[in-house]
Amino acid sequence: MQRLFSLVTFLGAASLAVGQATDVTTGALGDAQPVTTNPEVGETWVATFDSDAVKGTVTAVAAEVGVNYTIDVTGLAEENGPYKYHIHVSPVPESGSCADTGGHLDPYQRRDTPPCESTLPQTCEVGDLSGKYGLLDGGDVEKVFNDAYSSLNATEVGYIGGRAVVFQDGSGARIACATLVKVEDACEQ
Ligand SMILES: *[C@@H]1O[C@H](CO)[C@@H](O)[C@H](O)[C@H]1NC(C)=O
Ligand SMILES: *[C@@H]1O[C@H](CO)[C@@H](O)[C@H](O)[C@H]1NC(C)=O
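Definitions and cut-offs
- Residues numbered from 1 in each chain as written.
- Chains lettered and ligands numbered in written order.
- Predicted model: local features only at pLDDT ≥ 70, side-chain atom pairs only at ≥ 80, totals over all residues.
- Heavy atoms only, no water.
- Phe/Tyr/Trp six-rings, centres within 6.5 Å; stacked < 30°, edge-to-face > 60°.
- Helix = DSSP H or I, 4+ residues; strand = E, 2+ residues; numbered from the N terminus.
- Buried < 20%, exposed > 50% of the residue type's maximum accessible area, 1.4 Å probe, protein only.
- Polar contact = N/O pair within 3.5 Å; in protein donor to acceptor, adjacent residues only side chain to side chain.
- Near = heavy atom within 4 Å.
- Areas by Shrake-Rupley, 256 points an atom, 1.4 Å probe, with all protein chains shown as cover.
- Nonpolar A, V, L, I, M, F, W, Y, C, P; charged D, E, K, R; others polar.

Side note on the packing of aromatic side chains
The geometry of an aromatic ring pair is captured by the separation of the ring centres together with the interplanar angle, meaning the angle of the planes.
Point 1. Following the criterion strictly, the structure yields six aromatic pairs and no others.
Point 2. Geometrically, the ring pair formed by Phe-49 and Phe-167 is edge-to-face, given 5.0 Å between the ring centres and 70 degrees between the ring planes. With Phe-49 in strand β1 (residues 44-50) and Phe-167 in strand β6 (residues 164-168), this pair connects stretches of sequence that are 118 residues apart.
Point 3. A residue is classified by how much of its surface remains accessible, and Phe-49, at 4% relative accessible area, is buried.
Point 4. Overall, Phe-167 belongs to the buried group, its relative accessible area being 0%.
Point 5. Here the aromatic residues Phe-49, Tyr-69, Tyr-85, Tyr-133, Phe-145 and Phe-167 are joined through ring pairs into a cluster of three or more.

Some thoughts on the side chain of Thr-44
Point 1. Residue placement: Thr-44 occurs in strand β1.
Point 2. Engagement of the side chain of Thr-44 in a polar contact is seen with the backbone oxygen of Gly-42, the distance being 2.8 Å.

Section: the site of ligand 2
Point 1. Around ligand 2, the neighbouring residues are Val-41, Val-61, Ala-62 and Asn-68.
Point 2. Taking Asn-68, its side chain carries an N or O atom lying 2.3 Å from an oxygen atom of ligand 2.
Point 3. Within the complex, the protein chains bury 39% of what would otherwise be the 360 Å² of accessible surface of ligand 2.
Point 4. Of the residues contributing to the shell around ligand 2, the split by class is three nonpolar, one polar and no charged.

Written out as C-alpha coordinates, the structure reads:
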(Lines give C-alpha, C1' and ligand atoms only; values in the text may rest on other atoms or scores of the structure.)
(Ligands and ions follow the chains in the order given, each with its own letter.)
Protein backbone atom coordinates (compact mmCIF):
# COMPACT_ATOMS: atom_id res chain seq x y z
CA MET A 1 0.00 0.00 0.00
CA GLN A 2 2.79 2.34 0.98
CA ARG A 3 4.58 1.37 -2.20
CA LEU A 4 1.52 2.08 -4.38
CA PHE A 5 1.16 5.48 -2.74
CA SER A 6 4.79 6.28 -3.52
CA LEU A 7 4.33 5.27 -7.13
CA VAL A 8 1.27 7.52 -7.50
CA THR A 9 3.15 10.38 -5.88
CA PHE A 10 6.07 9.81 -8.21
CA LEU A 11 3.86 9.75 -11.34
CA GLY A 12 2.11 12.88 -10.18
CA ALA A 13 5.41 14.70 -9.76
CA ALA A 14 6.64 13.40 -13.13
CA SER A 15 3.57 14.66 -15.01
CA LEU A 16 3.91 18.03 -13.30
CA ALA A 17 7.52 18.21 -14.50
CA VAL A 18 6.42 17.39 -18.07
CA GLY A 19 3.78 20.10 -17.87
CA GLN A 20 6.39 22.64 -16.83
CA ALA A 21 8.85 21.45 -19.46
CA THR A 22 6.51 22.62 -22.25
CA ASP A 23 6.97 26.13 -20.80
CA VAL A 24 3.67 27.57 -22.00
CA THR A 25 2.51 30.70 -20.25
CA THR A 26 -1.17 31.06 -19.62
CA GLY A 27 -3.22 33.71 -17.87
CA ALA A 28 -2.78 34.38 -14.17
CA LEU A 29 -6.48 33.46 -13.98
CA GLY A 30 -5.96 30.33 -16.11
CA ASP A 31 -6.83 29.43 -19.67
CA ALA A 32 -9.50 31.31 -21.58
CA GLN A 33 -12.85 29.51 -21.55
CA PRO A 34 -14.79 28.78 -24.77
CA VAL A 35 -17.90 30.93 -25.08
CA THR A 36 -21.23 29.15 -25.60
CA THR A 37 -23.56 31.83 -24.26
CA ASN A 38 -23.90 34.32 -27.07
CA PRO A 39 -27.44 35.74 -26.84
CA GLU A 40 -28.10 35.39 -30.57
CA VAL A 41 -26.09 33.38 -33.06
CA GLY A 42 -25.62 35.52 -36.16
CA GLU A 43 -25.61 38.85 -34.30
CA THR A 44 -23.13 40.97 -36.22
CA TRP A 45 -20.76 43.75 -35.24
CA VAL A 46 -18.50 45.65 -37.61
CA ALA A 47 -15.46 47.90 -37.30
CA THR A 48 -15.08 50.13 -40.36
CA PHE A 49 -11.69 51.47 -41.42
CA ASP A 50 -11.34 54.36 -43.83
CA SER A 51 -7.91 55.94 -43.60
CA ASP A 52 -4.83 56.20 -45.80
CA ALA A 53 -3.31 53.32 -43.83
CA VAL A 54 -6.16 50.88 -44.31
CA LYS A 55 -9.69 50.68 -45.69
CA GLY A 56 -12.31 48.01 -45.17
CA THR A 57 -13.98 46.13 -42.36
CA VAL A 58 -13.43 43.69 -39.55
CA THR A 59 -16.69 41.84 -38.98
CA ALA A 60 -17.52 39.84 -35.86
CA VAL A 61 -20.46 37.41 -35.94
CA ALA A 62 -21.74 35.60 -32.87
CA ALA A 63 -21.25 31.87 -33.43
CA GLU A 64 -22.33 28.71 -31.56
CA VAL A 65 -18.91 28.86 -29.95
CA GLY A 66 -17.22 32.25 -29.75
CA VAL A 67 -17.08 34.68 -32.63
CA ASN A 68 -16.46 34.32 -36.36
CA TYR A 69 -14.24 37.12 -37.59
CA THR A 70 -13.76 38.30 -41.16
CA ILE A 71 -10.97 40.75 -41.93
CA ASP A 72 -11.61 42.32 -45.31
CA VAL A 73 -9.24 45.23 -45.87
CA THR A 74 -7.06 46.88 -48.48
CA GLY A 75 -4.26 49.42 -48.37
CA LEU A 76 -1.90 47.98 -45.75
CA ALA A 77 1.49 48.85 -47.28
CA GLU A 78 3.37 45.60 -47.78
CA GLU A 79 6.75 47.20 -46.98
CA ASN A 80 5.55 48.20 -43.50
CA GLY A 81 4.32 44.80 -42.35
CA PRO A 82 3.82 42.28 -41.05
CA TYR A 83 0.75 43.62 -39.29
CA LYS A 84 -0.77 42.68 -35.98
CA TYR A 85 -4.43 43.12 -35.09
CA HIS A 86 -5.89 43.12 -31.61
CA ILE A 87 -9.09 43.81 -29.70
CA HIS A 88 -8.39 46.64 -27.25
CA VAL A 89 -10.46 47.25 -24.14
CA SER A 90 -11.77 50.71 -24.99
CA PRO A 91 -13.53 52.18 -28.01
CA VAL A 92 -11.82 54.72 -30.23
CA PRO A 93 -12.31 58.11 -28.53
CA GLU A 94 -13.70 61.15 -30.31
CA SER A 95 -10.15 62.36 -30.97
CA GLY A 96 -9.59 59.25 -33.08
CA SER A 97 -6.41 58.49 -31.15
CA CYS A 98 -5.53 54.78 -31.31
CA ALA A 99 -3.14 55.39 -28.40
CA ASP A 100 -6.21 55.96 -26.22
CA THR A 101 -7.93 52.61 -26.82
CA GLY A 102 -6.27 51.02 -23.80
CA GLY A 103 -4.46 47.71 -23.77
CA HIS A 104 -5.39 44.37 -25.25
CA LEU A 105 -8.58 42.69 -24.07
CA ASP A 106 -6.99 40.34 -21.53
CA PRO A 107 -9.52 39.19 -18.92
CA TYR A 108 -7.41 36.18 -17.91
CA GLN A 109 -4.36 38.41 -17.27
CA ARG A 110 -1.99 36.70 -19.70
CA ARG A 111 -0.15 39.82 -20.93
CA ASP A 112 1.65 39.67 -24.29
CA THR A 113 5.09 38.42 -23.21
CA PRO A 114 6.23 35.79 -23.87
CA PRO A 115 4.46 35.76 -27.25
CA CYS A 116 1.25 33.83 -27.70
CA GLU A 117 1.65 30.16 -28.68
CA SER A 118 -0.80 29.92 -31.56
CA THR A 119 -1.30 26.16 -31.25
CA LEU A 120 -2.68 26.81 -27.74
CA PRO A 121 -5.01 29.78 -28.31
CA GLN A 122 -6.69 29.29 -24.94
CA THR A 123 -3.43 30.37 -23.29
CA CYS A 124 -3.23 33.68 -25.16
CA GLU A 125 -4.79 37.05 -24.46
CA VAL A 126 -8.39 36.99 -25.71
CA GLY A 127 -7.71 40.16 -27.69
CA ASP A 128 -4.45 38.95 -29.28
CA LEU A 129 -6.10 37.85 -32.50
CA SER A 130 -2.96 38.06 -34.67
CA GLY A 131 -1.00 36.07 -32.08
CA LYS A 132 -3.59 33.31 -32.35
CA TYR A 133 -4.51 33.47 -36.05
CA GLY A 134 -1.48 34.92 -37.78
CA LEU A 135 0.06 38.20 -38.91
CA LEU A 136 -1.03 40.00 -42.08
CA ASP A 137 1.44 40.74 -44.88
CA GLY A 138 -0.57 43.66 -46.21
CA GLY A 139 -2.02 44.27 -49.65
CA ASP A 140 -5.54 42.96 -50.16
CA VAL A 141 -6.46 40.92 -47.11
CA GLU A 142 -9.41 38.57 -46.72
CA LYS A 143 -9.06 36.42 -43.63
CA VAL A 144 -11.71 34.38 -41.85
CA PHE A 145 -11.35 32.61 -38.52
CA ASN A 146 -13.30 31.55 -35.45
CA ASP A 147 -12.11 32.64 -32.02
CA ALA A 148 -13.75 30.49 -29.34
CA TYR A 149 -12.85 32.92 -26.55
CA SER A 150 -14.42 36.13 -27.87
CA SER A 151 -17.94 36.77 -26.65
CA LEU A 152 -20.97 38.79 -27.67
CA ASN A 153 -22.64 38.24 -24.30
CA ALA A 154 -22.24 41.62 -22.59
CA THR A 155 -21.96 40.11 -19.11
CA GLU A 156 -19.01 37.89 -20.01
CA VAL A 157 -15.32 38.67 -19.61
CA GLY A 158 -14.46 38.12 -23.26
CA TYR A 159 -17.08 40.61 -24.51
CA ILE A 160 -15.87 42.46 -27.60
CA GLY A 161 -18.89 44.67 -28.41
CA GLY A 162 -18.07 48.37 -28.51
CA ARG A 163 -14.36 47.77 -28.17
CA ALA A 164 -11.68 48.82 -30.67
CA VAL A 165 -9.95 46.73 -33.31
CA VAL A 166 -6.40 48.06 -33.69
CA PHE A 167 -3.84 47.38 -36.43
CA GLN A 168 -0.12 47.64 -35.67
CA ASP A 169 2.60 47.80 -38.32
CA GLY A 170 5.91 45.96 -38.21
CA SER A 171 7.44 48.64 -35.97
CA GLY A 172 4.66 48.21 -33.42
CA ALA A 173 3.00 51.55 -34.20
CA ARG A 174 -0.80 51.63 -33.90
CA ILE A 175 -1.59 52.69 -37.45
CA ALA A 176 -5.38 52.35 -37.51
CA CYS A 177 -8.26 51.65 -35.16
CA ALA A 178 -12.05 51.40 -35.35
CA THR A 179 -14.79 50.53 -32.86
CA LEU A 180 -16.95 47.43 -33.25
CA VAL A 181 -20.52 48.66 -33.77
CA LYS A 182 -23.60 46.44 -33.78
CA VAL A 183 -25.33 45.97 -37.13
CA GLU A 184 -28.94 46.38 -36.09
CA ASP A 185 -30.55 45.10 -39.25
CA ALA A 186 -28.34 42.10 -39.92
CA CYS A 187 -29.98 39.81 -42.45
CA GLU A 188 -31.11 36.39 -41.29
CA GLN A 189 -28.19 33.97 -41.49
C1 LIG B 1 -24.68 35.55 -20.74
O2 LIG B 1 -23.70 35.26 -19.76
C3 LIG B 1 -24.21 35.20 -18.44
C4 LIG B 1 -23.01 35.01 -17.53
O5 LIG B 1 -22.23 33.91 -17.95
C6 LIG B 1 -25.23 34.08 -18.33
O7 LIG B 1 -25.78 34.06 -17.03
C8 LIG B 1 -26.33 34.31 -19.36
O9 LIG B 1 -27.22 33.21 -19.35
C10 LIG B 1 -25.71 34.45 -20.74
N11 LIG B 1 -26.75 34.73 -21.74
C12 LIG B 1 -27.14 33.80 -22.59
C13 LIG B 1 -28.15 34.24 -23.58
O14 LIG B 1 -26.73 32.65 -22.57
C1 LIG C 1 -18.97 30.32 -37.92
O2 LIG C 1 -17.94 29.62 -38.60
C3 LIG C 1 -18.16 28.22 -38.61
C4 LIG C 1 -16.91 27.59 -39.19
O5 LIG C 1 -16.64 28.12 -40.45
C6 LIG C 1 -19.40 27.91 -39.38
O7 LIG C 1 -19.64 26.53 -39.39
C8 LIG C 1 -20.58 28.62 -38.71
O9 LIG C 1 -21.76 28.43 -39.49
C10 LIG C 1 -20.31 30.10 -38.59
N11 LIG C 1 -21.40 30.71 -37.81
C12 LIG C 1 -22.00 31.85 -38.16
C13 LIG C 1 -23.09 32.32 -37.27
O14 LIG C 1 -21.69 32.49 -39.15
